[in-house]
Amino acid sequence: MIEILNDDQLARARDAGALVGGILQALEQRTTVGVNLLDLDRWTKQMIEDAGAESCYVDYAPSFGRGPFGHYVCTAVNDAVLHGMPHDYALADGDLLTLDLAVTLRGISADAAISFVVGDTAASDDLALIDATERALAAAIAVARPGARIGDLSHAIGTVLSAAGYAINLEFGGHGIGSTMHQDPHVANDGRPGRGYRLRPGLLLALEPWVMADTAELITDEDGWTLRSATGCRTAHTEHTIAITETGAEVLTVPR
């Protein structure tokens, strides 16, 4: 299903996006050495409930996971990159953490992710990983406008990631979003320009470049959810939900 939102739905999407962006900002500010991943999950639950919103994750049970996710935020540490299940782990100085969050507010969903290094010790290779995903996301947003095609966005992402020297996994990528979290069209993190669905005003997309330092191969953790690099290398993941407007792309998942 591909949804095209009307003006009222877009207004609600802006509210949902601002909530997601605000929660992620608050979590990053509260994430210090010694914070437990379960604390992050608990704080997220409280902020979602205080806003009168609903988690997209708690009851989420797709084919690639083992049963309902059961938590409110994805917490991927170091070699984990996607769908990181919160567990009893106290963050250490230098850990590379990705937080991925999706909520539904008044019937419309928004989805975003941030990666950052915990504490004061940031390895240059980790910062390069994060920077590549952020630049790839910016490149895709720059070409997102009515009449462009999904392949244009995928190509923009892939060009940046490849130039930075990273292999690209095509199993998971961006997606349409709206009244539900995951919709068509799929937005791969590499592709051919001029191909795929043509963008229209009112379309919402969650764009999410992610990379692993020295591999494109994923393995699934024993928890049945957390996806890790097959080699144990570090990873990074950056995501925004955008709305296609008459003039370009509006980034929704930023705090107000």
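Before reading further, recall that the structure is shown in the block above.
(A) How the structure looks around the environment of Ala243. Along the chain, the position of Ala243 falls in strand β13 (residues 240–244). The exposure class assigned to Ala243 is buried, which follows from its relative accessible area of 2%. With 230 residues separating them in the primary sequence, Ala243 and Ala13 have C-alpha atoms 8.5 Å apart.

(B) Structural detail: the side chain of His71. One can find His71 in the loop between β1 (54–55) and β2 (74–77). Not counting the four nearest positions on each side in its chain, His71 is found in contact with Leu38, Asp41, Ser55, Tyr57, Val58, Met85 and Pro86.

(C) View of the pattern of salt bridges. Summed over all chains, the structure comprises 10 salt bridges. Here Glu250 and Arg14 are joined by a salt bridge, their closest N and O atoms 2.8 Å apart. Of this pair, Glu250 sits in strand β14 (residues 249–251) while Arg14 is found in helix α1 (residues 7–30), placing the two residues 236 residues apart along the sequence. On the basis of relative accessible area, Glu250 is assigned to the partly exposed category, the value being 26%. Judged by relative accessible area, which is 32%, Arg14 ranks as partly exposed. Its salt-bridge partner being Lys45, residue Glu49 comes within 2.8 Å of it at the nearest N-O pair. Taken together, the residues span about one helical turn, with Glu49 and Lys45 both in helix α2 (residues 37–50) at a distance of four residues. According to the relative accessible area criterion, Glu49 is partly exposed, its value standing at 42%. With relative accessibility at 31%, the residue Lys45 sits in the partly exposed group. Several salt bridges converge on common partners, so that one network encompasses Asp15, Arg106 and Arg256.

(D) Spatial organisation of the pairing of strand β4 (residues 96–105). Counting buried residues in β4 gives 10 out of 10 residues, a clear majority hidden from the surface. Side chains of β4 alternate between two faces, with Leu96, Thr98, Asp100, Ala102 and Thr104 and Leu97, Leu99, Leu101, Val103 and Leu105 buried alike. Pairing analysis gives two bridges linking β1 to β4, with the strands arranged antiparallel. Each residue of the ladder has a partner; that of Glu54, found in β4, is Thr104. Bridging between β2 and β4 involves four bridges; their strand directions are antiparallel. From the neighbouring strand, Thr75 faces β4, where its bridge partner is Leu99. Across 10 bridges, β4 lies against strand β5 (residues 108–117) in antiparallel orientation.

Scoring rules and cut-offs
- Residues numbered from 1 in each chain as written.
- Predicted model: local features only at pLDDT ≥ 70, side-chain atom pairs only at ≥ 80, totals over all residues.
- Heavy atoms only, no water.
- Helix = DSSP H or I, 4+ residues; strand = E, 2+ residues; numbered from the N terminus.
- Buried < 20%, exposed > 50% of the residue type's maximum accessible area, 1.4 Å probe, protein only.
- Contact = heavy atoms within 4.5 Å.
- Salt bridge = Lys/Arg side-chain N within 4 Å of Asp/Glu carboxyl O.
- Pairing = 2+ DSSP bridges.

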